[in-house]
Amino acid sequence: MIETDGRRLKGDASRRLVLEHAVDLASVEGLDGLSIARLADAAQVSKSGVATLFGSKERLQLATVDTARQRFVASVIEPARVEPRGIRRIVALLDGWIAYSRGRVFAGGCFFAGVTSEFDTKPGPVRDALAAALAEWNGYIAASFGYAIAQGEVGADEDPQQFAFEATALLDAANNRSLLGGSNQPYVFARRALVGRLRAAGADDALVARLADVDDLAA
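The present account deals with the structure reproduced in this document. Just so you know, these numbers come straight off a predicted model, no measurement behind them.

1. Considering the side chain of D95
Thinking step 1. Within the fold, D95 resides in helix α5 (residues 87-102).
Thinking step 2. D95 gets classed as buried once you look at its relative accessible area, which sits at 12%.
Thinking step 3. Side-chain polar atoms of D95 contact the side chain of R210, separated by 3.3 Å.
Thinking step 4. Contacts of D95, omitting those with residues within four sequence positions, involve R191, R210, L211 and V214.

See the structure below:
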C-alpha cells in the first residue's frame, strides 16, 4: 500500500509539473501546439512519461484547460471574493483581471483570450471546456453586477449580461493589443472605459476609485 501510494504521489507531482508548463506553452503557441515531445523537453521528463500521464492529445488539452481555469480563479476570482457583493467586488474583479493580464500570469497573456479562437469552429470536448470556463467568468461578472442593481448601487434599468459582455470585450481587447504592441497603454484605455461605464450606470465615484487610480504604465 505504501509503495502504491508513493507511486501515485509521484505521478500526481509529475502531472502537475507537466501541466504547469503546458498552460504557459499553450498561452503562447496554442492548444494545438502542445506535443508530448515539446512538453517533455520543457518539463524535463521523458516522452513516455508524458504519454503515460495523459494518453492522448485531447486528454492533455482538457487537463491543460482545467489547470488554466484553476490558475485564473486563484489569480482573479478568489482575491475579489474578500470584497462585499456588488460594485466593490466588480471593481476588484476588473482590477484583478487587468493585473493578471498585465503581469503575465500566463506567459502569453490571458490563456483563454489566446486559445479560444482555435476552437471557435471545432466542436468537441475541448471547445466545450473552453466555453464553460468563459461562461463561468462572464456569469460571475453578471451575477456581481446583479447584486449591485439589487443593492441600488447602479440603475435599476441596467442589464447584467450586457455589462458583462462590454466588460469582457474591453478586457480581451486590452490583453490582445498589449501583447501585439508590447505596451501597457491598452490597459489604461480599458480602465478608463470601464470606470466611465460604471459611473454612467450610477456607481459612486468612491466605490470605483480602486479601478480608476491605478497607473498601469508605472505598474
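2. Some words on the layout of surface pockets
Thinking step 1. Volume-wise, the largest pocket comes out at about 270 Å³.
Thinking step 2. In terms of lining residues, the largest pocket is bounded by 19 residues, among which L134, W137, N138, T168 and D172 are the most central.
Thinking step 3. Looking at the lining of the largest pocket, its residues break down into 13 nonpolar, three polar and three charged.
Thinking step 4. When its volume is computed, the second largest pocket comes out at roughly 150 Å³.
Thinking step 5. In terms of lining residues, the second largest pocket is bounded by R15, R16, L19, E20, T67, Q70 and R71.
Thinking step 6. Elements that contribute at least two residues to the lining of the second largest pocket include exactly α1 (2-29) and α4 (57-80).
Thinking step 7. Ranked by the residues each element gives to the lining of the second largest pocket, the list is headed by α1, at four residues.
Thinking step 8. Of the residues assigned to the lining of the second largest pocket, the class counts are one nonpolar, two polar and four charged.

3. Here's the deal with α5
Because an α-helix completes one turn every 3.6 residues, residues spaced three or four positions apart along the sequence face the same direction.
Thinking step 1. In this model α5 runs 22 Å from its N-terminal to its C-terminal C-alpha over 16 residues, within 8% of the 22 Å that 1.5 Å per residue would give.
Thinking step 2. Counting buried residues in α5 gives 13 out of 16 residues, a clear majority hidden from the surface.
Thinking step 3. Directly after α5, the chain includes R104, whose backbone phi takes a positive value near 55 degrees.

4. Topic: the packing of aromatic side chains
Thinking step 1. Inspection of every chain in the model, using the stated rule, returns eight aromatic pairs.
Thinking step 2. Plain terms: the ring middles of W97 and Y100 are 5.5 Å apart, the flat faces sit at 65 degrees to each other, and that makes the pair edge-to-face. One end of the pair, W97, and the other, Y100, are both in helix α5, three residues apart, so they sit about a helical turn from each other. For the pair W97 and Y100, one class covers both residues: buried.

5. Re unusual backbone geometry
Thinking step 1. Positive phi, normally seen in glycine, also occurs at R104, with a value near 55 degrees.
Thinking step 2. Structurally, R104 can be placed in the loop between α5 and α6 (111-119).

6. Remarks on helix α10 (residues 205-212)
Thinking step 1. Among the residues of α10, L207, V208 and L211 are the ones counted as buried. Along the axis of α10, the buried positions cluster into a sector of 75 degrees, meaning they face one direction only.
Thinking step 2. Contacts from the buried residues of α10 go to α5 and α9 (185-200).
Thinking step 3. If you check the start of α10, you find a side-chain oxygen 2.7 Å away from the backbone N of A206, and it comes from D204.

7. Side note on the nonpolar core
Thinking step 1. Among the nonpolar cores identified, the biggest contains 64 residues, and L31, I87, F111 and L198 are the most heavily contacted of them.
Thinking step 2. Per-element accounting of this core gives the leading share, 10 residues, to helix α7 (residues 125-150).
Thinking step 3. When near neighbours in sequence (up to four residues on either side) are disregarded, I87 contacts A148, E153, V154, L198, A203, L207 and V208.

Parameters and conventions
- Residues numbered from 1 in each chain as written.
- Predicted model: local features only at pLDDT ≥ 70, side-chain atom pairs only at ≥ 80, totals over all residues.
- Heavy atoms only, no water.
- Helix = DSSP H or I, 4+ residues; strand = E, 2+ residues; numbered from the N terminus.
- Buried < 20%, exposed > 50% of the residue type's maximum accessible area, 1.4 Å probe, protein only.
- Polar contact = N/O pair within 3.5 Å; in protein donor to acceptor, adjacent residues only side chain to side chain.
- Contact = heavy atoms within 4.5 Å.
- 1 Å grid on protein atoms, 1.4 Å probe; cavity = no way out; pocket = protein on both sides within 12 Å on 5 of 7 lines; lining within 4 Å.
- Points joined across faces, edges and corners; volume = space filled by probe spheres on them.
- Nonpolar A, V, L, I, M, F, W, Y, C, P; charged D, E, K, R; others polar.
- Expected span 1.5 Å × (residues − 1).
- Phe/Tyr/Trp six-rings, centres within 6.5 Å; stacked < 30°, edge-to-face > 60°.
- Arc of directions from axis to C-beta.
- Core = buried A, V, L, I, M, F, W, Y, C linked by side-chain atoms within 4.5 Å.

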